Amino acid sequence: MDYLSQHQYPNGEFCSYISPDDAMQGWCVTDSTVFITSVMGSCLLPLSKMPVAESILSRATGFIRYQMTGTGVWNFYSIIHPMRRILPYDADSLSFASHFLRERGEPIPERNNKQLLLDNRARNGLFYTWFVLHPKLHTNKTLWRLSLRGFRTPVHCFLFLLRNGEDVNIGVNASILSYLGDIPATAPVINEIIKMIVGGREHDCDKWYRNAFVIYYLIGRAYSLGVKKLQPVAEIIIERILATVSADGQLGKSIFDTAIGATTLINLGCSAEALHRAINFLIKQQGAHGEWPRWLFFYFDPAKTYGWGSEELTTAFCLEAIARYKFDFTDAD
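Quick caveat: nothing in here was measured; it's all calculated off a predicted structure.

Section: a nonpolar patch on the surface
Residues V155, F158, L159 and L162 make up a contiguous nonpolar surface patch of roughly 440 Å² in combined accessible area. Along the chain, V155 turns up in helix α7 (residues 154-164). On the accessibility criterion, V155 (56% relative accessible area) is exposed.

This is how it looks when you write it as structure tokens:
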């Protein structure tokens, strides 16, 4: 926690980088986003009773609230980023930021932004990623305003619509499910997630989240937040994570995978010996300054041209796993 406290910007934001390789050992460029801080804030919520964690969360809360538009939406980028005026607003940023602020007891226009999500669905009931023009009639003024905003830069808008306009991504839908919960409108999302996992398509179900462990994490997060209709895939996900265990306790291909894999096992109710070994592995891998190494969380495109991550982000995921393990197992004992 001290590492994160010392590396949090004065405005409450956390650093993120873009890099072309998973381990981020090539070139790295800082990138100012709202999304990364929202995700990290959500990871640290279980630690809020610690004074140092509460201080971090308080600053992050202020940052995320400041980045919100009056209608309760967020851009992926922060207000100082030059790409903010070009990139459309998205449902993933909205869902993570809204959930975080709601858990922090902050007032947000929840009714408005939930209706915005509900009016931004495809004909099959799944949620679009971007708030842009879609071939569907609606009367949501906020959605119209967000959709038409792109025409201030018409060339960029046209190119974006051609490439990404109709995006429906299962990882993003899982994030939306965590925010909206188990309601009639999210039934198609639950059904699609179940079909995707049963069909073994988690490696290629989302343009941005290309790591199957991240998909597992997002599904486990929704399950832990009350969407118990995902139960049919809980054991499948647990088995697939446990199948990647190494002799030293690592899950998947990295420390990052181990952190989000361990949290997913906890969220899905698994208490296998491999979980205890994974937590011990994470503790042993902590750096001298209290950090864990950076690793890409999500990507710019399916080709993985580059992606986003940071030591701060990996550290937040590791702390979430260790804290959840302590609270769910050690304290119970």
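What about the nonpolar core?
Ranked by internal contacts, the top residues of the largest apolar core, which has 108 residues, are Y209, F297 and F317. The element that contributes the greatest number of residues to this core is helix α10 (residues 212-224), accounting for 10 residues. Setting aside anything within four residues of it in sequence, one finds F297 in contact with F35, V39, Y209, V214, F256, W308, L313 and F317. Membership of the second largest hydrophobic core comes to five residues, among which are C15, Y17, M24 and L296.

Let's talk about the packing of helix α12 (residues 255-267) against helix α13 (residues 273-285)
It is the contact of α12 with α13, at a shortest axis distance of 10 Å, that shows an interaxial angle of 140 degrees. Crossing handedness for the pair α12 and α13: left-handed. Judged by residue contacts, I255, T258, A259, A262, L265 and I266 of α12 engage L275, A278, I279, F281, L282 and Q285 from α13. In the contact of α12 with α13, the residues fall into 10 nonpolar, two polar and no charged.

Scoring rules and cut-offs
Residues numbered from 1 in each chain as written. Predicted model: local features only at pLDDT ≥ 70, side-chain atom pairs only at ≥ 80, totals over all residues. Heavy atoms only, no water. Patch = residues over 30% accessible without salt bridge, like charges linked within 9 Å, V, L, I, M, F, W, Y side chains within 5 Å. Areas by Shrake-Rupley, 256 points an atom, 1.4 Å probe, with all protein chains shown as cover. Salt bridge = Lys/Arg side-chain N within 4 Å of Asp/Glu carboxyl O. Helix = DSSP H or I, 4+ residues; strand = E, 2+ residues; numbered from the N terminus. Buried < 20%, exposed > 50% of the residue type's maximum accessible area, 1.4 Å probe, protein only. Core = buried A, V, L, I, M, F, W, Y, C linked by side-chain atoms within 4.5 Å. Contact = heavy atoms within 4.5 Å. Axes fitted to C-alpha atoms, helices over the stretch in contact; angles between N-to-C directions. Left-handed = near helix turned anticlockwise from the far one by under 90°. Nonpolar A, V, L, I, M, F, W, Y, C, P; charged D, E, K, R; others polar.

These figures capture arrangement, not role.
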